[in-house]
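# Remarks on the overall topology
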Amino acid sequence: MTETTTLLRTIDLYAGAGGLAYGFQSAKCNGFKFEIVAMFDNWKPAIETLKKNFANTEIVNMDFDTYDGDKSVFTRFAPDIIIGGPPCQDFSHAGKRNEDLGRGKLTITFADIVIDVRPKWFVMENVDRILRTQKYKLVKTAFERAGYGITEKVLDASLCGVPQKRKRYFMIGELWGPNGVLLPYLEKSLAIKPMTLRDYFGDSLGVEYYYRHPRNYGRRAIYSIDEPSPTVRGVNRPIPSTYKKHPGDAAEPDEKVRPLTTLERSYIQTFPRGYFFEGSKTEKEQMIGNAVPVKLAECVGKCILNYIADSAKTKQKRLGICLEEKLTEKPNSSNLSSMDGP
Ligand SMILES: C[S@@+](CC[C@H](N)C(=O)[O-])C[C@H]1O[C@@H](n2cnc3c(N)ncnc32)[C@H](O)[C@@H]1O
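Model, not experiment: these values are computed from the prediction.

Right, let's get into the overall build of the protein chain. Across its full length, the protein chain carries eleven helices and eleven strands. With respect to the three principal axes, the spread of C-alpha positions in the protein chain is 110 × 45 × 40 Å. The proportion of buried residues among the 342 residues of the protein chain is 39%. Of the contacts formed within the protein chain by residues at least 6 apart in sequence, a portion of 74% connects residues at least 24 apart.

Now for the sheet that holds strand β10 (residues 222–224). Here we have three strands laid out as an open sheet, ordered β10-β9-β11, and mixed in their pairing. Of all the strands in the sheet, just β10 and β11 (258–259) have a single pairing partner and so form its edges. Strand direction decides the pairing type here: strand β9 (residues 209–211) and β10, joined by three bridges, are antiparallel. Bridge pairing in β10 links Y211 to I222.

Contacts to the ligand come from 21 residues, most closely from Y14, G16, G19, W43 and A291. Split into classes, the residues belonging to the shell around the ligand amount to twelve nonpolar, six polar and three charged.

Here we come to helix α2 (residues 44–53). Here α2 has its buried residues at A46, I47, T49, L50 and N53. Down the axis, α2 shows its buried residues gathered within 165° of arc, on one side only. The elements touched by buried residues of α2 are β3 (32–41), β4 (58–61) and α9 (281–290).

Moving on to helix α5 (residues 134–145). Across its twelve residues, α5 extends 17 Å between first and last C-alpha, which sits within 8% of the 16 Å expected from 1.5 Å per residue. If you follow the buried residues of α5, they end up packed against α4 (105–117), β7 (148–156) and β8 (167–175). Within two residues after α5, G147 carries a phi angle of roughly 105°, on the positive side.

On to the confidence of the model for the protein chain, then. In this model, the protein chain carries an average pLDDT of 91, and 91% of its residues clear a pLDDT of 70 or more. Ignoring residues within four places in sequence, the model shows residues 333–342, a span with pLDDT below 50, making one contact including any to other chains.

A word on the environment of R273. Summarising the element assignment, R273 is placed in the loop between α8 (262–268) and α9. Considered as a pair, R273 and L263 are ten residues apart in the sequence and their alpha carbons are 8.7 Å apart.

What follows covers the pairing of β4. Looking along a regular strand, one sees the side chains alternate between the two faces of the sheet. Direction of pairing for β3 relative to β4: parallel, over a ladder of four bridges. Across the sheet, the residue bridging to A38 is E58, located in β4. For the handedness criterion, the β-α-β arrangement of β3, α2 and β4 is classed as right-handed.

What counts and how
Residues numbered from 1 in each chain as written. Predicted model: local features only at pLDDT ≥ 70, side-chain atom pairs only at ≥ 80, totals over all residues. Helix = DSSP H or I, 4+ residues; strand = E, 2+ residues; numbered from the N terminus. Buried ≥ 20, exposed ≤ 12 C-beta atoms within 10 Å, placed from the backbone. Contact = placed C-beta atoms within 7 Å. Pairing = 2+ DSSP bridges. Near = placed C-beta within 6 Å. Nonpolar A, V, L, I, M, F, W, Y, C, P; charged D, E, K, R; others polar. Arc of directions from axis to C-beta. Expected span 1.5 Å × (residues − 1). pLDDT = per-residue confidence, 0-100. Right-handed = clockwise from strand over helix to strand, strands pointing away.

As structure tokens, then:
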């Protein structure tokens, strides 16, 4: 017997390098799968990168600042699910922390689009700091009013098959679904122990320690491969000749310690080997640092598919019971009398 697969038509807004979408595309479960039908961004290197890696997907260059409520741009793809990670610099620890600086508004635009299009599902990813912002409260209320049941959770990528400490917030909405329904699925999928670089790469990186340029020199910069990597950010610099060992550093800054390459950093983001990045080195680093780790996205995608598959099974079972009841139903007396004739 051939197994059928139900494809969930998926569109990705603010698609960047495609980490979120690639992870969703890789998730499969009990006959359900995501099909990435369209991806949107307005940054040339991202557009070129997406074209290289998603050959069967429509890649749309669109500036969401110009969204005027014309939902046909999205409804023509008939999406079952809209996913996206609106820019988070204005919410992030590294950013200026002013949510009214413009880019925070793009989170509202994400919600506007979802509510206009009304797909069965949506997934919004962001930094965990979004939880402390007014924009977060606004979008959550708007989704709830539009009828979405919400599951929300901050996930640590190192517990989801990624050798990196990176905390990201996920809001998952199901139209007319109950709140929190995916929490048991997400919790069950977490590993007990964080993944280290050695767990993921073995000895293939050829280093025991490496340099990760710190945000400021009050922070450590040398890490061991026997721990998860710190968050991969959008900048990657060489070790300065004047660098002095920080008390938290895992080793002395000697000639064996080097920064990881752009490609190695993409692997820490769990992009597969052979994934193409377009643009200058700075643009590639930015795109890779911005991305949702592929395996983290895959983990979230799998939980949604698992839930959908379980719900479908429950519905089928109920339908089976109903049918059985109908077939074994004994005709009642009134039926009999009506069959008896005059
Ligand atoms: C956090 S990144 C998305 C990362 C992506 N989800 C991934 O996993 O690789 C945000 C993206 O939003 C895009 N962006 C920013 N402002 C935009 C706008 N006004 N319209 C469309 N895209 C925009 C940026 O170019 C960037 O690629």
